[in-house]
Amino acid sequence: MTHSPRRRPARRSTRAVGGAALAAVLVFAPVTAVAADAPATAASSPAPTASASPAPTASASPAPTVSSSPALAADVPELSAPASSAMPAAAPVDAMNYVVNAVPGAVTTEAASAAVVAAGGTVLARWDEIGVVTARSTAAGFVDRVRASSSVESAGPTRTAAIRATPDADAGGDAESAAVPPTGVQATGLAERVADVADPGEERRWNDKAVHAAEARAVQPGSPDVLVGVLDSGIDATHPDLVSQVDPAASVGCSVDGVADPDPAAWAPSSDAATSTREHGTHVAGIIAAADDGRGVVGVAPGVRLASVKVVDADGFIYPEYAICGYMWAAQQQMDVTNASFFVDPWAAWCSADPDQAPALDAVARAVAWSQHEGVLDVAAAGNATVGAVAVDLAHKTADSLSPNDSTPQPGRDVSQGCSQLPAEVDGVVTVSSAQQGGGGSIEKSRFSNYGAGVVDLTAPGAAVLSTVPGGGFAALSGTSMAAPHVAGVAALLASVHPGATPAELRDLLARQAGGETPSEYFGAGMVDAFAAVTEDLGRGAVAVAPDGVLQAGAAAILRGAGFVPGETVRAEGEAFDDSTSTVADQRGRVQLPVRLSPGTPTGPLSFSVVGSSGSSAVVDVEVQEALAGPVVTSPDDGDRLPSGQAVVVEGTSIDSARVTVTVEPAGSLPAGDAPAGDLLTGDLPAAARASAATPAAAESSTVRAEQDGTFRATFAGLSAGDWRVSAVTWTVDDVVSATGPAVLFAVDPVPAPVPGDEAGVPAEPGAAPADPGPGPGSASPTPGSSPGEGVVPTGAPGRPLAADPARASSAALAWTGSEPGPVALAALLIVAVGVVGVGVGRRRPGDEPR
């Protein structure tokens with residue numbers, strides 16, 4: 001993509017809004033409050049939250065809420081005009097911060113600064129590029145005198161609560177809102193916080209899979225030339241997953257009067273802030289670019305750099321002067337992307353018709369526009385509904401009863417016309433809603449996520465997202481605050497592969513490559529796609545990869561491809577695949593190809609091809625990981641000799657509730673004298689007995705379900721006499737096939753040859769068949785109620801049969817083979833005959849003899 005000259009985009013007028021009531025637009029929510037932080041009171045300071053959307057609109061404190069604020073109601077009567085928040089011009093007034101707007105330029109901004117001083121104020125910061133001055137004053141009538149100056153276009157307060165001079169932990173000292181105690185307000189919880197995890201081991205979770213981040217990393221993890229500004233509550237740059245990612249030289253603190261302070265203490269999380277505030281920026285940073293180092297978590301774009309731009313004070317507020325400072329710093333540092341997981345306080349929607357709100361609305365919009373003029377793509381969160389409230393349709397707002405959040409809220413404030421959430425609704429900002437996993441592989445809008453046709457641009461995962469938190473830990477948080485950094489990470493990947501792209505071009509690519517899920521009022525252009533960002537619109541042809549460039553032997557996996565011919569059949573080629581399947585490229589040439597390497601595939605590098613029926617071809621290079629270890633057979637023991645005529649019970653250990661396929665197969669008889677000493681197989685049997693142990697029947701398999709403790713049992717009936725080998729394979733619940741477990745050798749003894757004659761020992765007549773001895777050698781009586789060969793055992797009592805595979809069934813009876821009489825038997829018969837004759841002769845009476 002060619003680099004277009006950076007031009008300052010025309011500012012867009014504030015969007016008209018109306019419709020559903022405006023619920024609180026908190027951007028993020030920790031799942032549960034930690035024990036150290038008790039629930040905040042109504043007076044507590046808010047915690048950071050997020051928001052985003054393309055047209056300028058208003059906002060509220062980052063995650064702050066006031067528990068006593070009335071809920072927004074849809075039936076609040078509409079007012080003819082928004083209520084003014086102008087402060088009465090009384091005699092002495094408490095200190096207040098202001099924004100003063102002039103025509104952009106050094107001369108005009110200098111004149112506006114002079115007007116501030118002349119009216120009894122102090123200049124805090126001055127931005128000549130956008131014609132904005134921030135000031136403080138305690139003089140009565142200050143704002144009226146400034147507005148009267150010909151060099152000033154507009155002026156107004158940045159908050160409704162007065163400033164109190166108190167040391168602030170954010171810096172050496174600053175003034176805080178007099179209405180807000182320093183304890184801070186917890187952000188409203190929207191989901192439960194998972195237990196802290198010492199080291200998740202970069203386990204792939206749904207959010208990573210939904211945006212195809214692992215596949216993208218296999219192609220391009222991001223360029224270190226790309227810089228992403230995290231406008232938030234500060235980043236813990238000592239976190240193991242972030243220590244190599246944060247650029248201290250590009251970081252700054254803006255949360256003290258909106259004055260840029262590059263000291264590391266100024267852009268680190270406030271130690272005395274509420275947990276929800278303190279951890280917010282670090283959590284967002286991890287989603288974007290946590291290091292891919294084999295531990296913890298890994299970000300969407302781990303190869304890019306991060307800048308901590310702290311715009312949230314210790315009480316959790318983001319006032320206009322903080323946001324202005326943050327966006328102007330991003331422009332000055334030539335950042336490529338910024339992420340704003342917050343909305344600007346104290347108004348949930350800043351209204352252009354209100355003389356006190358309009359100046360700050362204009363000033364923030366100017367700062368955002370200037371950052372885009374300087375090549376920065378700005379991403380922001382759409383915001384969240386408070387607990388128990390419905391999410392807000394930002395395209396059809398009606399009434400706001402929760403603002404201002406730094407003093408007493410105004411019930412039923414009309415926000416239906418000319419009122420906007422900041423920075424989500426500023427022109428050019430990419431606004432992000434939150435999605436979560438739905439049924440059948442679909443996505444659904446998170447309950448808490450704000451939405452709006454023409455306002456929301458994209459969606460991304462925002463429910464229970466695991467990421468970094470200060471102190472080296474990890475936690476799962478929910479909110480649009482977590483969704484927006486996924487988009488910021490993908491935008492950073494786009495900037496990496498399109499180094500000359502303008503913000504407008506990057507916005508277009510994000511939308512064009514998104515998933516296209518509907519409805520658009522919930523999802524905009526759809527789920528953001530990291531893999532598409534690094535493979536499409538680059539003219540590189542067909543490409544296919546495995547997640548993170550890794551395949552585990554025996555594990556089912558999905559290869560993701562792009563650049564194939566739409567409609568062509570695509571398959572993987574190679575001898576290493578157990579399951580060789582095919583798929584069809586979609587209308588955009590994208591492919592999802594299921595594959596499984598054989599569990600016996602050697603570890604190490606492996607290359608194979610993915611080919612299409614229309615001639616497309618891509619080479620896939622992967623690192624093969626060792627297969628899951630197979631089950632261990634614990635009974636019979638290696639070398640056991642089992643009696644014939646009994647069922648053989650195989651026991652062992654595997655994985656909780658996994659399927660286990662147990663196979664018994666002929667081990668092969670050893671020639672006489674070749675069996676090793678001590679081997680209890682047929683090699684140790686006498687020659688006659690060994691000869692009678694016929695070659696066993698074919699191999700038999702039985703699939704059973706392991707118990708919760710991992711133990712399993714399979715029963716085999718009807719095994720012939722001879723040498724056998726038993727082994728097992730595990731099939732996990734997530735469709736991973738293990739390697740074959742260690743084989744165990746055992747023998748089934750032959751049944752002793754029957755002695756001719758009946759059960760009473762009476763000699764049988766010559767040629768008569770011996771009495772039936774019962775089941776033949778190696779056979780076993782079937783389990784009552786089952787048929788021979790059954791052995792598929794479900795979860796529950798081991799050995800309980802399920803439906804058997806007919807192919808695995810074996811005969812339960814062996815045919816009688818008969819035997820020929822040997823010399824010893826013939827001699828015995830002769831002796832018996834002679835004896836009978838002798839007895840007859842000896843019993844003849846004397847009278848019977850011839851005389």
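Caption draft 1: Representation of the overall build of the protein chain. When you go through the protein chain residue by residue, the secondary structure sums to 15 helices and 38 strands. Among the 851 residues that make up the protein chain, the fraction classed as buried is 54%. Sequence-distant contacts, at least 24 apart, represent 76% of the contacts inside the protein chain between residues at least 6 apart. Summed over all atoms, the accessible surface of the protein chain reaches about 33,400 Å², with 55% contributed by carbon and sulfur.

Caption draft 2: Layout of the pattern of salt bridges. Enumeration over the complete set of coordinates arrives at 23 salt bridges. Here glutamate 215 makes a salt bridge to arginine 204, at a shortest N to O gap of 3.6 Å. With glutamate 215 in helix α4 (residues 213-219) and arginine 204 in the loop between β7 (174-177) and α3 (206-210), this pair connects stretches of sequence that are 11 residues apart. We note a salt bridge from arginine 571 to glutamate 573, for which the minimum N-O separation is 3.0 Å. Residue classification places glutamate 573 among the partly exposed positions, given a relative accessible area of 33%. Residues participating in the shared-partner salt-bridge network are Arg204, Asp208, Glu215, Arg217 and Asp548.

Caption draft 3: Fine view of the state of the cysteines. According to the stated counting rule, one finds 2 disulfides in the structure shown. Across the disulfide from cysteine 254 sits cysteine 325; the S-S distance is 2.0 Å. Taking the torsion about the sulfur-sulfur bond, which here is approximately -60°, the covalent link between cysteine 254 and cysteine 325 counts as left-handed. On the criterion of sequence distance, the pair formed by cysteine 254 in the loop between β9 (252-253) and α5 (264-267) and cysteine 325 in helix α8 (residues 320-332) is long-range, its members being 71 residues apart. When sorted by exposure, cysteine 254 lands in the same class as cysteine 325, which is buried. Sequence-ordered numbering of the bonded cysteines in the protein chain gives a disulfide pattern of 1-2, 3-4.

Caption draft 4: The packing of aromatic side chains, seen in detail. The full count for this structure, using the stated rule, is 6 aromatic pairs. Considering the side-chain rings of tyrosine 98 and phenylalanine 142, the 4.9 Å spacing of their centres and the 50° angle between planes classify their relative orientation as tilted. Note that tyrosine 98 is positioned in strand β2 (residues 96-101) and phenylalanine 142 in helix α2 (residues 142-147), a separation of 44 residues in sequence. Accessibility expressed as a relative area gives 2% for phenylalanine 142, which makes it buried. Geometrically, the ring pair formed by tyrosine 522 and phenylalanine 523 is edge-to-face, given 6.1 Å between the ring centres and 75° between the ring planes. Overall, the relative accessible area of 28% leaves tyrosine 522 in the partly exposed class. In this structure phenylalanine 523 comes out as buried when scored by relative accessible area, which is 2%. These aromatic residues form a ring-pair network of at least three members: Phe317, Tyr319 and Tyr322. A cation over a ring is seen here: arginine 159 above tyrosine 319, with NZ or CZ 3.8 Å from the ring centre. In this structure, lysine 445 packs its charged tip against the face of tyrosine 522, placed 5.5 Å from the ring centre.

Caption draft 5: Inspection of the pairing of strand β38 (residues 744-748) at higher detail. Counted residue by residue, β38 has 4 buried out of 5 residues, so it is predominantly covered. Examined bridge by bridge, strand β32 (residues 640-642) and β38 share 3 bridges and lie parallel to one another. Looking at the pairing, aspartate 640 lines up with phenylalanine 746 of β38. Both strand β37 (residues 722-731) and β38 contribute to a ladder of 5 bridges, which runs antiparallel.

Caption draft 6: Here's a closer look at the sheet that holds β37. With mixed pairing, the 5 strands of this open sheet are ordered in space as β32-β38-β37-β34-β35. Edge positions in the sheet fall to β32 and β35 (700-705), since each has one partner strand and no second. Shown here is a sheet whose adjacent strand axes are inclined to one another by a mean of 30°, direction ignored.

Caption draft 7: Spotlight on the environment of threonine 459. Within the element layout of this structure, threonine 459 appears in strand β19 (residues 458-461). For the pair formed by threonine 459 and glutamate 444, sequence separation is 15 residues and the distance between their alpha carbons is 10.0 Å. With residues up to four places along the chain from it excluded, the contact list for threonine 459 reads Val432, Ser433, Ser434, Ala435, Ile443, Phe523, Gly526, Met527 and Val528. A polar contact of 3.0 Å, which involves the side chain of threonine 459, links it to the side chain of serine 433.

Caption draft 8: Layout of the sheet that holds strand β33 (residues 648-653). Pairing within the open sheet is antiparallel, and its 3 strands lie in the order β31-β33-β36. At either margin of the open sheet sits one strand with a lone partner, and together these are β31 (632-635) and β36 (711-716). Between one strand axis and the next, the sheet turns through 35° on average, direction left out of account. The pairing of β31 with β33 spans 3 bridges and is antiparallel. Bridge assignment links valine 632 to a residue of β33, and that residue is threonine 653.

Caption draft 9: Seen up close, unusual backbone geometry. For the bond from aspartate 345 to proline 346, the omega torsion is 0°, close enough to zero to count as cis. Positionally, proline 346 belongs in the loop between β11 (337-340) and β12 (350-351). Cis geometry is found at the peptide bond from serine 403 to proline 404, where omega equals -5°. On the secondary structure map, proline 404 appears in the loop between β14 (399-400) and β15 (413-414). Phi angles above zero are rare outside glycine, and aspartate 257 is one such case at about 60°. With respect to the secondary-structure elements, aspartate 257 resides in the loop between β9 and α5. Overall, aspartate 257 belongs to the buried group, its relative accessible area being 10%. Not every positive phi belongs to a glycine, and glutamine 334 is a case in point at roughly 55°. Mapped onto the elements, glutamine 334 comes out in the loop between α8 and β11.

Caption draft 10: Just helix α11 (residues 503-513), in detail. When α11 is considered as a whole, its buried residues turn out to be Pro503, Glu505, Leu506, Leu509, Leu510 and Gln513. Seen from one end, α11 has its buried residues packed into an arc of 160°, which puts them on one side. Buried residues along α11 sit against α9 (358-373), β13 (377-381), β17 (430-437), β19, α10 (480-497) and α13 (530-535).

Caption draft 11: Inspection of the pairing of strand β25 (residues 569-573) at higher detail. Residues Val570 and Ala572 point to one face of β25 and are all buried, whereas Thr569, Arg571 and Glu573, pointing to the other face, are not buried. Sheet topology places β25 next to strand β29 (residues 604-612); 4 bridges connect them, and they run antiparallel. Within the sheet, the bridge partner assigned to glutamate 573 lies in β29 and is serine 609.

Caption draft 12: Region of interest: the side chain of aspartate 313. Tracing the chain through its elements places aspartate 313 in the loop between β10 (305-310) and α8. At a separation of 3.0 Å, a polar atom in the side chain of aspartate 313 contacts the main-chain amide nitrogen of phenylalanine 317. A polar side-chain atom of aspartate 313 sits 3.2 Å from a polar atom in the side chain of tyrosine 322.

Caption draft 13: Representation of the packing of α10 against α11. Interaxial distance between α10 and α11 falls to 10 Å at its minimum, and their mutual angle equals 115°. By the angle between their axes, α10 is roughly perpendicular relative to α11. Pair α10 / α11 crosses with right-handed handedness. In this structure, α10 contributes Val487, Val490, Ala491, Leu494 and Ala495 to the contact, and α11 contributes Leu506, Leu509, Leu510 and Gln513. For the contact of α10 with α11, the per-class residue count stands at 8 nonpolar, 1 polar and no charged.

About the cut-offs
- Residues numbered from 1 in each chain as written.
- Predicted model: local features only at pLDDT ≥ 70, side-chain atom pairs only at ≥ 80, totals over all residues.
- Heavy atoms only, no water.
- Helix = DSSP H or I, 4+ residues; strand = E, 2+ residues; numbered from the N terminus.
- Buried < 20%, exposed > 50% of the residue type's maximum accessible area, 1.4 Å probe, protein only.
- Contact = heavy atoms within 4.5 Å.
- Areas by Shrake-Rupley, 256 points an atom, 1.4 Å probe, with all protein chains shown as cover.
- Salt bridge = Lys/Arg side-chain N within 4 Å of Asp/Glu carboxyl O.
- Disulfide = S-S within 2.5 Å.
- Phe/Tyr/Trp six-rings, centres within 6.5 Å; stacked < 30°, edge-to-face > 60°.
- Lys NZ or Arg CZ within 6 Å of the ring centre and 35° of its normal.
- Pairing = 2+ DSSP bridges.
- Axes fitted to C-alpha atoms, helices over the stretch in contact; angles between N-to-C directions.
- Polar contact = N/O pair within 3.5 Å; in protein donor to acceptor, adjacent residues only side chain to side chain.
- Arc of directions from axis to C-beta.
- Parallel < 35°, antiparallel > 145°, perpendicular 65-115°, else oblique.
- Left-handed = near helix turned anticlockwise from the far one by under 90°.
- Nonpolar A, V, L, I, M, F, W, Y, C, P; charged D, E, K, R; others polar.

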